[in-house]
Structures are given as structure tokens and as C-alpha cells.
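Architecture at a glance
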Amino acid sequence: MINIPEQLIARLKNASKVVASTGAGVSAESGVPTFRGQDGIWNKMNPEELASVDGFMANPQLVWEWYQYRRDLMDKVEPNPGHKALADLEKMVSDFTLITQNVDNLHRRAGSSRILELHGNVTRNKCLACDKPYAEEIRLDKGLPYCSCGGMIRPDVVWFGEMLPEREIRAAFAAAEEADLFFSIGTSTLVQPAAALPFLARRNGAYVVEINIEPTGLTTISDLFLQGKSGEILPEIVRLLR
Ligand code: APR
């Protein structure tokens, strides 16, 4: 039985600005593996090889095969009740912003529209050299993709060591500073700068709620820790808010 404190629902009803920041844990119940933790991707794969510009330059075929595998996986999975509850909250709360580190496009497929994708989106591509966007689906059976400028086309996701998209990260920091209620959901709170957002929100007076199956580095400073699966807790919050 999930116990959602009444005072959280009261805060949601009275909040003027609500921000939710999600990580890989919110997609775990859809069958998308997380990065760390027991079956985490980075326990089996080398992030430097698969998620860095150097790794891409050294072996673009391998990196493209990896993203082909991830795209095929995401085509097979569906948004879960956690994604859908966040899309509902966007409609129920006057000023709601969703910030995500996820590149899996599941929040959009669930109906969320006010999204800041800090790490890009795996369904998009761009040229490594000139940044030209390529929206069409790229399949490897036609060979490695090249831009009209001659540069290599890459998935439009943020790799380790790269800067985050400026518009998104500026808006995310502004939202965290202005929030009076901040949810941190399904993230290990280990990867910067996204990991700084709940702390910034707390310093600016927000009430910080963490939803995770286990404690993280944020838990001790959060105002409320709801331990459990986001796909079970978030729909219950929406049910109580209705
Ligand atoms: N509900 C809630 N939380 C969950 C669930 C669930 N069903 N399943 C797992 N979690 C939690 C885990 O306990 C963990 O704290 O989700 C978190 C996932 O952490 P990570 O795998 O580290 O993912 P994330 O925090 O999103 O990683 C940040 O690192 O590898 C890079 O770019 C990648 O965006 C990613 C970034």
C-alpha cells in the first residue's frame, strides 16, 4: 500500500510552480534498462566507447550499432503509468515543467509537452561537424550516414564530456530556482549538471520530494522521500489530486 501524505497533495493544490526532474528509473518499468544499479548498462558496457565523441570517432560503426539497438528497444516498449501520470500532472497543475535526463522519448509518447530534454533525444540525429539536424530515421543497412557537408551524422544525444543544450539547461536552472515544489524521480543524482537541480531548488525554498526505489545522495536533504516504484507512486498522487 502506497502512503502519500495528505500535506503533499495540499501543497500540489496550492503550488504556483511545480517542477519534476526524471532519470532512467522512470522508464525502468517500461523495460528500458537504467545505467547504474544492479542490471545497469554501464556495468556491462564501456561508456567511453559508446557515449563519447572520442569513442564515436574511434569506432562509429560500433556506436551506431549500439544506438540502433537502443532505438529498436524503444520502438518495442510503451510509456508506463509513471510517464502517463506526469503527463496528467502537466494538465492538472497551472505551471508545471518536466525536466528529463532520458533520451528515450517516452515522456513525449505519454503526452507530456512542456519538456526540457537535457541529454537530447535518441529519435533525432545531427551532423557532428556542422550540427545540421536530420529528422529522418537513419538505418545502418545503408552504411554509415554522412551529412551534405561531409561530416558524420550522429545521434542527437549528449555524450560524456559534452556540453548540454544551452536553451534547455538555462531553462532547467531557472525553473529549479523558481519552483515551490520540486520532484526528483528515478535518478541516482550522480550526473552533473542535472544532479545539482534539486539542491538548487531546495536552496531557493522549494519543497523537495524524492521518488526512488532506494535512497540516493539527495535523500538526506529532501523534504519527503517516497520509497518505491515511480510507476506506482505517481498515479496514486494523481488519483489523490483529482
Ligand atoms: N522507480 C523509481 N526509481 C527507480 C526505479 C523505479 N521503478 N527503478 C530504478 N530506479 C532508480 C535507481 O534506484 C537509481 O537511483 O533510478 C535511478 C537510476 O539511476 P541511473 O541508472 O544512474 O540513471 P540516471 O540518474 O538517469 O543517469 C543519469 O547518466 O549515464 C548517464 O546520460 C545518462 O541520463 C543518464 C545520466
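Structural data are supplied above this passage.
Quick summary incoming for the structure in this document. (Residues numbered from 1 in each chain as written. Predicted model: local features only at pLDDT ≥ 70, side-chain atom pairs only at ≥ 80, totals over all residues. Heavy atoms only, no water.)

Things to note about the overall build of the protein chain
When helices and strands are counted, the protein chain shows eleven helices and nine strands. Here the C-alpha radius of gyration of the protein chain, 18 Å, is about what a compact globule of 242 residues would show, namely 18 Å. Dimensions of the protein chain, computed from C-alpha atoms along their principal axes, come out at roughly 55 × 35 × 30 Å. Burial analysis of the protein chain (242 residues in total) assigns 52% to the buried set. Taking contacts inside the protein chain between residues at least 6 apart in sequence as the whole, the part at least 24 apart equals 64%. Looking at the protein chain as shown, the accessible area adds up to about 11500 Å², and 52% of this sits on carbon and sulfur atoms. (Helix = DSSP H or I, 4+ residues; strand = E, 2+ residues; numbered from the N terminus. Rg over C-alpha atoms; globule rule 2.2 N^0.38 Å. Buried < 20%, exposed > 50% of the residue type's maximum accessible area, 1.4 Å probe, protein only. Contact = heavy atoms within 4.5 Å. Areas by Shrake-Rupley, 256 points an atom, 1.4 Å probe, with all protein chains shown as cover.)

Some thoughts on the pairing of strand S6 (residues 153-157)
When you tally the buried positions in S6, you get five out of five residues, the bulk of the element. The sheet contact formed by strand S4 (residues 120-127) and S6 spans four bridges and is antiparallel. By the bridge assignment, Gly120 is partnered in S6 with Val157. (Pairing = 2+ DSSP bridges.)

With respect to the packing of helix H7 (residues 81-92) against helix H11 (residues 230-241)
Contact geometry for H7 and H11: axes closest at 7 Å, N-to-C directions at 30°. In terms of their interaxial angle, H7 and H11 are classed as roughly parallel. Judged by the twist between their axes, the crossing of H7 over H11 is left-handed. Along its contact with H7, which presents Pro81, Gly82, Ala85, Leu86, Asp88, Leu89 and Met92, the element H11 presents Ser230, Gly231, Leu234, Pro235, Val238 and Leu241. (Axes fitted to C-alpha atoms, helices over the stretch in contact; angles between N-to-C directions. Parallel < 35°, antiparallel > 145°, perpendicular 65-115°, else oblique. Left-handed = near helix turned anticlockwise from the far one by under 90°.)

A few points about the nonpolar core
Counting 28 residues, the largest nonpolar core has Phe183 and Ile237 as its most contacted members. Where this core is concerned, the elements lending two or more residues are helix H1 (6-14), strand S1 (18-22), H7, strand S2 (96-100), strand S7 (181-185), strand S8 (207-212), strand S9 (224-227) and H11. The element that contributes the greatest number of residues to this core is H11, accounting for five residues. Leu50, Phe56, Leu73 and Met152 belong to the second largest nonpolar core, which has 25 residues in total. (Core = buried A, V, L, I, M, F, W, Y, C linked by side-chain atoms within 4.5 Å.)

A closer look at the site of the ligand
Residues in contact with the ligand amount to 22 residues; listed here are only the nearest, Arg36, Trp42, Thr187, Ser188 and Asn212. The backbone of Gly186 places a nitrogen or oxygen atom 3.2 Å from an oxygen atom of the ligand. Within the contact set of the ligand, an oxygen atom lies 2.6 Å away from a side-chain nitrogen or oxygen of Ser188. The protein chains hide 92% of the 740 Å² of surface that the ligand would expose on its own. Residues belonging to the shell around the ligand are distributed by class as follows: seven nonpolar, eleven polar and four charged. (Near = heavy atom within 4 Å. Polar contact = N/O pair within 3.5 Å; in protein donor to acceptor, adjacent residues only side chain to side chain. Nonpolar A, V, L, I, M, F, W, Y, C, P; charged D, E, K, R; others polar.)

Details of unusual backbone geometry
Cis peptide bonds are those with omega within 30 degrees of zero, and the linkage from Gln192 to Pro193 qualifies with 0°. One non-glycine residue, Asn105, adopts positive backbone phi at about 65°. Note that Asn105 resides in the loop between S2 and helix H8 (106-110). Overall, the relative accessible area of 18% leaves Asn105 in the buried class. The backbone of Asp131 sits at a positive phi, close to 70°, despite the residue not being glycine. By the element assignment, Asp131 lies in the loop between S4 and strand S5 (133-134).

Let's talk about the sheet that holds S8
The six strands are arranged S3-S2-S1-S7-S8-S9 in an open sheet whose pairing can be described as parallel. The outermost strands of the open sheet, each flanked by one partner alone, are strand S3 (115-117) and S9. Ignoring strand direction, the axes of neighbouring strands in this sheet form an average angle of 15°. Relative to S3, S2 runs parallel, the two sharing three bridges. Residue pairing for S3: Leu98 is matched across the bridge by Ile115.

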